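In case you want the letters, here they are:
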Amino acid sequence: MEILRSTKKDITIHCPECLNYMKVKRAENGSYSGKCPVCKASVFSKNHSERERHIKIVKAAQ
């Protein structure tokens, strides 16, 4: 997953589920979370160390 554009609190990424663009909110500790407007998947990411990042994807019920 690549970060495309960065501002102070919002970043634009590719959704890991459907690969469309989505905006996520970035926290001060480097983690971010957001919801894809296309597939409605929720994405949560947290850095545990310099080399390890955990990403959780929750699919919307259909």
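Quick summary incoming for the structure in this document. The model shown is predicted, which means the values in this text are computed figures rather than measured ones.

With the rule as written, the count across this model stands at two salt bridges. Close ionic contact of Asp-10 with Lys-25 constitutes a salt bridge, the shortest N to O distance being 3.2 Å. With Asp-10 in strand β2 (residues 10-14) and Lys-25 in strand β3 (residues 21-26), this pair connects stretches of sequence that are 15 residues apart. Judged by its relative accessible area of 54%, Lys-25 is exposed. A salt bridge links Lys-59 to Glu-17, with the nearest nitrogen and oxygen atoms 3.5 Å apart. With Lys-59 in the segment after β6 (53-58) and Glu-17 in the loop between β2 and β3, this residue pair connects regions lying 42 residues apart in the sequence.

Below, the discussion takes up the pairing of strand β5 (residues 42-47). Examined bridge by bridge, strand β4 (residues 32-35) and β5 share four bridges and lie antiparallel to one another. Residue pairing in the sheet places Lys-35 in a bridge with Ser-42 of β5. As consecutive antiparallel partners, β4 and β5 are separated by six residues, and within that stretch Lys-40 has a phi angle of approximately 65°, a positive value. Bridge analysis of β5 against β6 gives six bridges, and the strand direction is antiparallel. Within the sheet, the bridge partner assigned to Ser-42 lies in β6 and is Val-58. The loop that links β5 with its antiparallel partner β6 comprises five residues.

Cut-offs and rules
- Residues numbered from 1 in each chain as written.
- Predicted model: local features only at pLDDT ≥ 70, side-chain atom pairs only at ≥ 80, totals over all residues.
- Heavy atoms only, no water.
- Salt bridge = Lys/Arg side-chain N within 4 Å of Asp/Glu carboxyl O.
- Helix = DSSP H or I, 4+ residues; strand = E, 2+ residues; numbered from the N terminus.
- Buried < 20%, exposed > 50% of the residue type's maximum accessible area, 1.4 Å probe, protein only.
- Pairing = 2+ DSSP bridges.

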